[in-house]
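# Remarks on the overall topology
Below, each chain spelled out in residue letters.
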Amino acid sequence: MKKILAITAMAAFAAVSFAEGITFGAWLRALAAPVANDGDETITSAGNSWGYGARTARINVSAVAPDGNAGFNMGVYNDVSMSLSAGDEANLWVKPMDIVKVSYGKYDNNTLRGDVCYGSWNWLRPTSSWLAEDEGLLMSGNGGTGLMAEITPMEELYIQVMAPITTAQVKAGTTYKNLRAGFAYTVPGLVKIKGQYIGHGASKTDGTEAKAATTGKWTDPDGNEMTTAPTYADTAAYFDLLAAGYTYTAGTPAVPAKDGTDGNSNCTLEAEVDVLAVEGLSAGLGFQYNVIKDGDKAAVDFTGIKDDDVVGQANAIQSQKTKMKIALGASYQVMPELKVTASGAFFTYYKMADVKLDPRFQAGFGVDYDLGDGLAANADVRYRSVLKVDGEKDDDFSGDSLAFSVGVTKSVSSNGYIGVAFQGQTNSGNFANNVITGKANDDGEYKNFTWCVPVALSVWF
């Protein structure tokens, strides 16, 4: 009996020791709009702030060895539709040295990401009223899959390198043309400087199979191939055969294989500078340049976008033809109760089918005020400029867009709040991508006013 008790005690001790290195966490926000208008009729809808369903349960798991030199991260999400999905990350890691962390898997690594989030970002986001969203406005985060090394040679310097090695067998040249690397260097109390390179491979050489040369051939009126036939040099015989109903198929030259290992690599170059010298001020300037070989000639891929989906088409142009982005954001704590935030971005583009796309911009301003007793109010306004081609508005796409929100939240515990807001948007704007989709007017023009009154529930553990 004593032996059984001893074994039981040892098992319980092992379970506790194991559990001590594992933590569970969760963050959730779902919004339901009891009343809204899509520019055509009054509706109800619900979803995440970013759209695509309403996440109502999740578990994030992190494990760390007692010595802090090994662990893993993962997540499981549940939607209100009762469908389970993998989380944003699933990776394992080890630290062979104090300054080096090596990991493999899918990441949601935002160490280098530069955000400016405020106002309607926490409600049903007015996704038609910005070109680049608040998260990653100044610099992109790493949501990729692969083998990653994170190096901290000194407290002020962080280096990240990831090779997108997956379970697919891919030529090494293709993999390393999609390499990404970045760094962050902090001068305490003064400034933080970040830079990042994101490889995208060689677009015009990806996946094209080799084609052998073919010779020209003649077929008779019955479709039978002729073994001997005149060439075009014998002009009389050539045209005599055509006149008699014979057919000539011209030969084609050989096409070499293009597997992504030759040609220049497309990439994104990013830089960010954050000001740390002013108490209460968080300010940053971000720069992004997309290197696309023959970018002015590259076609826009509208795969999966319907002909009447003008918003989707405009978004495809925005994402695939952007050449440069300059963004800035600042948040200032005016007093303990009041914080103001502003952001903006300027974009230039590659040509589209030899047609010049004019530069565009976005801007926003927000206010947060602590009313006390767990109550807080916030408001913001966002603006996105119109898409113009050679200085003229393109009638195939919606015009500019103005959005605003006014909301109040009430903390119900240290781990949750409830809130309600009123949001509006011009020119048939969408909220949270697909939660509320703006409708055109009777003339097919996207000029209607859309609005919603979302109720937000948010918890975290």
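Details of the structure are given in the entry above.
What you see is a predicted model; the values in this text were computed from it and never measured.

## Side note on the overall build of the protein
Regarding its fold elements, the protein presents four helices and 24 strands. Per-residue burial for the protein yields a buried fraction of 37% across its 461 residues. Working note: accessible area of the protein is about 24,800 Å², and carbon and sulfur atoms make up 60% of it.

## Quick notes on the side chain of Asn109
Mapped onto the fold, Asn109 is located in the loop between strand E7 (100-106) and strand E8 (145-154). Look at Asn109 and you get buried, because its relative accessible area is 12%. Within the structure, the side chain of Asn109 is placed 2.8 Å from the side chain of Thr111, a separation counted as a polar contact. Looking at Asn109, its side chain comes within polar contact range of the side chain of Gln160, at 3.3 Å. Those residues in contact with Asn109 that lie beyond four places of it in its chain are Gly141, Asn142, Met148, Glu150, Tyr158 and Gln160.

## Examining a nonpolar patch on the surface
A contiguous nonpolar surface patch, about 800 Å² in accessible area, is contributed by Phe72, Met74, Val76, Leu84, Leu92, Tyr104, Leu147, Ile165 and Tyr176. Secondary-structure elements contributing two or more residues to the nonpolar patch are strand E5 (70-79) and strand E6 (84-97). Sorting elements by how many residues they give to the nonpolar patch places E5 first, with three residues. By secondary structure assignment, the location of Val76 is in strand E5.

## Topic: the nonpolar core
Soluble globular proteins tend to pack their nonpolar side chains together in the buried interior. Of all hydrophobic cores here, the largest spans 15 residues; its most connected members are Leu137 and Phe347. Sorting the residues of this core by element identifies helix H4 (310-321) and strand E17 (338-349) as the ones contributing at least two each. The residues contacting Leu137, other than those within four sequence positions of it, are Gly114, Val116, Ala132, Lys325, Ala327, Leu328, Ser343, Ala345 and Gln362. In this structure, Ala33, Leu124, Ala421 and Ile436 belong to the second largest nonpolar core, which totals 14 residues.

## Regarding the environment of Gly71
Turning to its location among the elements, Gly71 is positioned in strand E5. By relative accessible area, Gly71 is classed as buried at 16%. Spatially, the C-alpha atoms of Gly71 and Trp93 are 5.4 Å apart, while their sequence positions differ by 22 residues. With near-sequence residues (within four places) excluded, Gly71 lies in contact with Ala63, Val64, Leu92 and Trp93.

## Considerations on unusual backbone geometry
In the Ramachandran plot, Tyr52 falls in the positive-phi region, its phi being about 60° despite a non-glycine side chain. Take Tyr52: it is sitting in the loop between strand E3 (42-47) and strand E4 (55-64).

## Side note on the packing of aromatic side chains
Counting across every chain of the model gives seven aromatic pairs. Taking the centre distance of 6.3 Å and the plane angle of 25° together, the rings of Trp27 and Trp50 count as stacked. Note that Trp27 is positioned in strand E2 (residues 27-37) and Trp50 in the loop between E3 and E4, a separation of 23 residues in sequence. Residues Tyr417 and Trp460 carry aromatic rings whose centres are separated by 6.1 Å and whose planes lie at 55° to one another, so their mutual orientation is tilted. Of this pair, Tyr417 sits in strand E23 (residues 416-425) while Trp460 sits in strand E24 (residues 450-460), and the two are 43 residues apart along the sequence. A relative accessible area of 17% places Tyr417 in the buried class. Of the residues examined, Trp460 reaches a relative accessible area of 29% and is grouped as partly exposed.

## Observations concerning the pattern of salt bridges
A side chain of one charge can pair with a side chain of the opposite charge when the charged atoms of the two come close. This model, assessed by the stated rule, comprises eight salt bridges. When the shortest N-O distance is used, the salt bridge between Asp380 and Arg382 registers 2.8 Å. Arg382 matches Asp380 in its accessibility class, with the two residues each being buried. Across the salt bridge formed by Glu445 and Lys447, the nearest N and O atoms sit 3.7 Å from each other.

So, how was this worked out
Residues numbered from 1 in each chain as written. Predicted model: local features only at pLDDT ≥ 70, side-chain atom pairs only at ≥ 80, totals over all residues. Heavy atoms only, no water. Helix = DSSP H or I, 4+ residues; strand = E, 2+ residues; numbered from the N terminus. Buried < 20%, exposed > 50% of the residue type's maximum accessible area, 1.4 Å probe, protein only. Areas by Shrake-Rupley, 256 points an atom, 1.4 Å probe, with all protein chains shown as cover. Polar contact = N/O pair within 3.5 Å; in protein donor to acceptor, adjacent residues only side chain to side chain. Contact = heavy atoms within 4.5 Å. Patch = residues over 30% accessible without salt bridge, like charges linked within 9 Å, V, L, I, M, F, W, Y side chains within 5 Å. Salt bridge = Lys/Arg side-chain N within 4 Å of Asp/Glu carboxyl O. Core = buried A, V, L, I, M, F, W, Y, C linked by side-chain atoms within 4.5 Å. Phe/Tyr/Trp six-rings, centres within 6.5 Å; stacked < 30°, edge-to-face > 60°.

Worth remembering: the numbers are spatial, not functional.
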